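Spelled out, the chains give:
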Amino acid sequence: MTHIVVDPVTRIEGHLRIEAEVDGGQVREAWSSSTMFRGIEIILKGRDPRDAWAFTQRICGVCTTVHAIASIRAVENAIGAQPPPNARLLRNLIIGAQCVHDHVIHFYHLHALDWVDIVSALSADPAKTASLAQSISDWPLSSRAYFTEVRDRLKGFVATGRLGPFANAYWGHPAYRLPPEANLMAVGHYLQALDFQRQFIRLHAVLGGKNPHLQSFLVGGMATPVDPDSQNSINAGTLAELSKLVADARDFVARVYIPDLLAIASFYKDWASTGSGVGSYLAYGEYPEGDGAQPALFLPRGIIRQRDLSKVEPMNQEKISEYVKHSWYNYASGDDHGLHPFKGETVPNYIGPKPPYERLYLDRKYSWLKSPRYDGEPMEVGPLARMLVAYASGHPRVKPLVDKALATLGVGPQALFSTLGRMAARAIETQVVAEKMQDWVDEMGENMARRDYRICDNSKWEPSTWPAECWGAGFHEAPRGALGHWVHIKDGTIINYQCVVPSTWNAGPRDAAAKRGPYEQALIGTPVAKEDQPLEILRTVHSFDPCMACGVHVLDNRRRELVYVRLV
Amino acid sequence: MGEGTPLLVLGLGNVLCGDDGLGAIGVHLLKTWYQAPKGAELVDGGTLGLSLLPLLQDAERVVIIDAIRSAGAKPGTPVHLRGDDVAQAVRERLSPHQIGVADLLDGARLLGCCPRKMTLLGLVPENLTLGVGLSPAVERAMPRLVERIVGEARALGFAFRRRPCDAEEPRLDDACDVAGVLGLRRKGR
């Protein structure tokens, strides 16, 4: 039995740490820990609820829009503000853009490197690479000349000795299985995806101005005016620009991302039966298609239990609770029971080892993440949860796309409950959302044609219009999964604020009943060919799209190793 | 490609983590106290990774404002980096996610775009734990940091003009208040 420590799993020091026991080439036991304290709740107490989104937006540099959305929804829910259709459509477009952008980046610039051996790409034959690329897609950048150029560029890059994104990886590891040509094709698409994301994110600038933190959110709607006759508003020109960006995204996803995903997956089909996890899934659902308190959602809300795709349970937020039995917090009423977020407490109690340390005290408290549970059960959240809930609900677009991907790979629906299933779900969701975005652009155009320029419900702006005491929950599907904000307001100020973020659901520790969290469960049985290079552990954890980036990142002149592994 | 920005002043850091927010606060103070000349763009980049890449790529000259640790130096000590040191420091910094601008800057290098010349002006932080507001030593050093930014811009050919102050100069701690940095100042608050 070898005890392995992988810290950090993300490329940030001190955020996510996995400890695992490996025996006979397999993970037998696993613990997931976040070693950085987070507590936005403490900062928000006593503030104006209308300001909360601007603070929560700063929790994470990558997820700015998602915390803003969840926050304004929570406050609107509490005070009864009702955003008009144009605000809903603008938000859908912002959310959809974030989803497409993040998924493409996650696949090409983080996760692909767990499957694609960059060093092997150096020895690829560009002619063979071109014929491989042309056999899977009619994408134009697939010529022999193009891949020759990519290979030469990669050679030049490696020759500089500054490997950048390709440093500190496990090149040549026996678990890499793609032929050199597939590796070179992926390097080419890595570069194209770089350029794609740079263009596509301009969508946020089109909607929200030059400030990289979108300032256009507002409790009750949006701050961006809609007016066909004004230069500084959403007008016909804006809609044309959005349509162009959306069309480019649809094209890139359908002709590059999806074919690449299927090509890579075909070499790694054993990963369709690895990394299954807890087998229960929660989706809050996203993209309201109507207005009012309970609008229909384009991607449905629901719960799937124990891999049973024959039924989708309705989601009842009252069944959500968070445990701290193995988290560095104390509850006033004791740690054996969970608390609903409205009653949530954030009182730190670090009783872990003093850094630097070899091992966490795994039988006690071992993480800064709490353990969220639904009806007492751990739930996986994220693209796979959303696609499974949609698939099991018979979603008219998700269902055929999932079936098609399964047929292409020659596997059944059970293959979805896996590391590879998470990757496929992410790609399919990207396609579904990229396609849907045009509908929202068109609907805005129709509203403008009808002279409906309403963008904000101002009737509840003044705190004097609010109940003296009120509670609200805001649900959002962030790219990496279900995000909830809960706010308790009294006399116009915030009394309590709790965020339950996707990585808490997925990466949280064991609960009071010692049930493992989704990362921990998914790692059980994961093969480990080389204990000092646990590439396979990274594959499964990365398939969840981990993010712990909510803390401090100060410049440091010391050069750090990006991922280090210790055998203890 | 967007139209080029002749000068980008880019504050980095998390305003929810004490002195880590000094870059964003520095840019806010610069905006409050000075009139920016034509061609200069002032941006609070927060901990945004990826989304900053177009900004960086479109800019001709970049002055980055940030918290920088330096062995043995006291909180509030000024730090000034140039050339390769900045590129290296920025690589470290711009990775708030598992994939950050670090990788993308390298990707840009792989694509054949050369990183441009950058300057970094900063202060040594004291407190980086969760919470809003600067520590006293860093707060006292902020006006001098802003003057250094103005001086650096002048050396690059951009003249910032001090705004005429109203009846009363606001207190430094009010000027540094995070609600203002986030654009939340409302009348009567």
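Counting restarts for each chain: residues are numbered from 1 in the order of the written sequence. All chains are assigned letters beginning with A, and all ligands numbers beginning with 1, in the order in which they are written. Confidence filtering applies because this is a predicted model: local features only for residues at pLDDT of at least 70, side-chain atom pairs given and counted only at 80 or more, and all residues used for totals across whole chains, interfaces and linings. Only hydrogens and water are set aside; all other atoms, that is, all heavy atoms of the structure, feed into the side-chain values.

Here's the deal with the overall build of chain A
Phase 1 of the analysis: Under the DSSP-based scheme used, a helix requires at least four consecutive residues in state H or I and a strand at least two consecutive residues in state E, with every element numbered from the N terminus. Across its full length, chain A holds 16 helices and 15 strands.
Phase 2 of the analysis: The C-alpha atoms of chain A give a radius of gyration of 23 Å, which matches the 24 Å a tight globule of 568 residues would have.
Phase 3 of the analysis: Each of the three principal axes of chain A carries a C-alpha extent, and together these read 70 × 60 × 55 Å.
Phase 4 of the analysis: For the exposure calls, accessible area comes from a 1.4 Å probe over protein chains only, and a residue counts as buried if that area is under 20% of its type's maximum, exposed if over 50%, partly exposed in between. A total of 568 residues make up chain A; the buried ones form 64% of that total. Radius of gyration means the value over C-alpha atoms here, while the globule rule gives 2.2 Å times the residue count to the 0.38 power.

Concerning the overall build of chain B
Phase 1 of the analysis: Counting its secondary structure elements, chain B contains seven helices and seven strands.
Phase 2 of the analysis: Going from N to C terminus, chain B has its helices and strands arranged as β-α-β-β-α-β-β-α-α-β-α-β-α-α.
Phase 3 of the analysis: Counting every position in chain B, which comprises 189 residues, the buried fraction comes to 61%.
Phase 4 of the analysis: For every accessible area listed, the method is Shrake-Rupley and the probe measures 1.4 Å; residues are considered covered only by the protein chains on display. Of the roughly 7900 Å² of accessible surface on chain B, 51% is carried by carbon and sulfur atoms.

Some points on the nonpolar core
Phase 1 of the analysis: Residues M437(A) and M142(B) are the most contacted members of the largest nonpolar core, which totals 195 residues.
Phase 2 of the analysis: Sequence-distant contacts of M437(A), defined by excluding residues within four places in its chain, comprise L93(A), G96(A), A97(A), V100(A), F200(A), L203(A) and V246(A). We define the nonpolar core as a collection of buried residues of types Ala, Val, Leu, Ile, Met, Phe, Trp, Tyr and Cys that are connected through side-chain atoms lying within 4.5 Å of one another. Residue contacts follow a heavy-atom distance rule, with two residues in contact if any of their heavy atoms lie within 4.5 Å.

Digging into the confidence of the model for chain A
Residues and elements named next belong to chain A.
Phase 1 of the analysis: Mean pLDDT over chain A stands at 90; residues scoring 70 or higher make up 93%.
Phase 2 of the analysis: Contacts of residues 10-14 to residues separated by more than four positions or lying in other chains number 23 contacts, the stretch itself having pLDDT below 50.
Phase 3 of the analysis: Confidence of the predictor at the level of single residues is captured by pLDDT, which takes values from 0 to 100. For residues 548-568, every residue scores under 50 in pLDDT, and the model assigns this stretch 89 contacts once sequence neighbours within four places are set aside.

Here's the deal with unusual backbone geometry
Residues and elements named next belong to chain A.
Phase 1 of the analysis: In this model, R451 sits at a positive phi of 60°, which is unusual for a non-glycine residue.
Phase 2 of the analysis: One can find R451 in the loop between α13 (419-449) and β12 (469-478).
Phase 3 of the analysis: Unlike most non-glycine residues, A514 shows phi in positive territory, near 65°.
Phase 4 of the analysis: You can see A514 is positioned in the loop between α14 (502-507) and α15 (518-523).

Focus on the sheet that holds strand β13 (residues 481-490) of chain A
Residues and elements named next belong to chain A.
Phase 1 of the analysis: Strand pairing requires that DSSP identify at least two bridges connecting the strands. Taken together, three strands build an open sheet; the order of strands is β12-β13-β14 and the sheet is antiparallel. On the outer flanks of this sheet lie β12 and β14 (493-500), each paired with one strand and no other. On average, each strand axis in the sheet is tilted by 15° relative to the strand beside it, whichever way the strands run. Where helices are involved, their axes are fitted lines through C-alpha atoms of the stretch in contact, as for all axes, and angles between N-to-C directions lie from 0 to 180°.

What about the sheet that holds strand β6 (residues 118-123) of chain B?
Residues and elements named next belong to chain B.
Phase 1 of the analysis: On the basis of which strands lie adjacent, the open sheet formed by five strands has the order β3-β1-β4-β6-β5 and mixed pairing. One side of each edge strand has no neighbouring strand; the edge strands of this open sheet are β3 (40-44) and β5 (78-82). Taken pair by pair, the neighbouring strands of this sheet meet at an average axis angle of 15°, ignoring direction.
Phase 2 of the analysis: Pairing of strand β1 (residues 5-11) with strand β4 (residues 59-67) involves six bridges; the strand directions are parallel. Considered in β4, the bridge of V9 is made with V63.
Phase 3 of the analysis: Relative to the sheet, helix α5 (residues 136-155) contacts β1, β4, β5 and β6, its axis offset from that of β6 by approximately 160°.

Details of helix α4 (residues 85-110) of chain A
It helps to recall that an α-helix has 3.6 residues per turn; residues three or four apart then point in one direction.
Phase 1 of the analysis: Look at α4(A): 36 Å from first C-alpha to last across 26 residues, which is about the 38 Å you get at 1.5 Å a residue.
Phase 2 of the analysis: A large share of α4(A) lies buried, amounting to 26 of its 26 residues. A helix is expected to span 1.5 Å multiplied by its residue count minus one.

Regarding the pairing of β3(B)
It is a general feature of regular strands that their side chains alternate between the two faces of the sheet.
Residues and elements named next belong to chain B.
Phase 1 of the analysis: Where burial is concerned, most of β3 is hidden: five out of the five residues are buried.
Phase 2 of the analysis: Side-chain alternation along β3 places A40, L42 and D44 on one buried face and E41 and V43 on a second face that is also buried.
Phase 3 of the analysis: When β1 meets β3, the two strands line up parallel, connected through five bridges. Its bridge partner being in β3, L8 is matched across the sheet by E41.

Side note on the environment of Y350(A)
Residue and element names in this part refer to chain A.
Phase 1 of the analysis: For Y350, the position within the fold is in the loop between β10 (320-323) and β11 (371-374).
Phase 2 of the analysis: Residues Y350 and K365, spaced 15 residues apart in sequence, show a C-alpha to C-alpha distance of 8.2 Å.
Phase 3 of the analysis: Ignoring any residue separated from it by four or fewer positions in sequence, one finds Y350 in contact with W328, Y357 and W368.
Phase 4 of the analysis: Polar contacts, as used here, are pairs of N or O atoms within 3.5 Å; protein pairs need one atom able to donate a hydrogen and one able to accept it. Residues neighboring in sequence count only if both atoms are side-chain atoms. A polar side-chain atom of Y350 sits 2.7 Å from the main-chain carbonyl oxygen of P353.

A closer look at the pattern of salt bridges
Residues and elements named next belong to chain A.
Phase 1 of the analysis: Think of a salt bridge as a Lys or Arg side-chain nitrogen and an Asp or Glu carboxyl oxygen that are within 4 Å of each other. Per the counting criterion, the structure on display carries 35 salt bridges over all chains.
Phase 2 of the analysis: Between E380 and R422 there is a salt bridge, with the nearest N and O atoms lying 2.8 Å from each other. In this pair, E380 is assigned in the loop between β11 and α11 (383-392) and R422 in helix α13, connecting sequence segments 42 residues apart.
Phase 3 of the analysis: If you follow the salt bridges from partner to partner, you end up with E29, R510, R516 and E520 in one network.

Some remarks on the pairing of β4(B)
Residue and element names in this part refer to chain B.
Phase 1 of the analysis: Taking burial as the measure, the nine residues of β4 include seven buried ones, the bulk of the element.
Phase 2 of the analysis: By the bridge criterion, six bridges tie β4 to β6 in an arrangement that is parallel. In the sheet register, A67 faces β6, and the bridge partner there is L123.

Considering the environment of A223(A)
Residue and element names in this part refer to chain A.
Phase 1 of the analysis: Along the chain, the position of A223 falls in the loop between β5 (221-222) and α10 (236-267).
Phase 2 of the analysis: Take A223: its relative accessible area is 43%, and that puts it in the partly exposed class.
Phase 3 of the analysis: Distance from A223 to G208, taken between C-alpha atoms, is 8.8 Å for residues 15 residues apart in sequence.
Phase 4 of the analysis: Every residue in contact with A223, bar those within four places of it in the chain, is listed here: Q215, S216 and L218.

What about the side chain of T65(A)?
Residue and element names in this part refer to chain A.
Phase 1 of the analysis: Mapped onto the fold, T65 is located in helix α3 (residues 64-79).
Phase 2 of the analysis: Judged by relative accessible area, which is 3%, T65 ranks as buried.
Phase 3 of the analysis: Looking at T65, its side chain comes within polar contact range of the side chain of Q98, at 2.7 Å.

With respect to the packing of helix α12 (residues 398-409) of chain A against α13(A)
All names here are of chain A.
Phase 1 of the analysis: Following both chains from N to C, one finds α12 and α13 inclined at 140°, their axes separated by 10 Å at the closest point. Crossing of α12 over α13 shows right-handed handedness. Taken together, the residues of α13 that come into contact with α12 (itself represented by V398, L401, V402 and A405) are I428, Q431 and V432.
Phase 2 of the analysis: Residue classes follow a fixed rule: Ala, Val, Leu, Ile, Met, Phe, Trp, Tyr, Cys and Pro count as nonpolar, while Asp, Glu, Lys and Arg count as charged, and any other residue, Gly among them, counts as polar. Class assignment of the residues belonging to the contact of α12 with α13 gives a composition of six nonpolar, one polar and no charged. Crossings are assigned a handedness: left-handed for a near helix turned anticlockwise from the far helix by less than a right angle, right-handed for a clockwise turn.

Notes on the confidence of the model for chain B
Residues and elements named next belong to chain B.
Phase 1 of the analysis: Predicted confidence across chain B gives a mean pLDDT of 81, with 76% of residues reaching 70 or more.
Phase 2 of the analysis: Within chain B, the lowest mean pLDDT, 62, falls on helix α4 (residues 101-111), and the highest, 97, falls on α5.
Phase 3 of the analysis: A low-confidence stretch, residues 95-99 stays under pLDDT 50, and its non-local contacts, those more than four residues away or across chains, total 27 contacts.
Phase 4 of the analysis: Across the interface, the model reports ipTM at 0.87; the global pTM reads 0.92.

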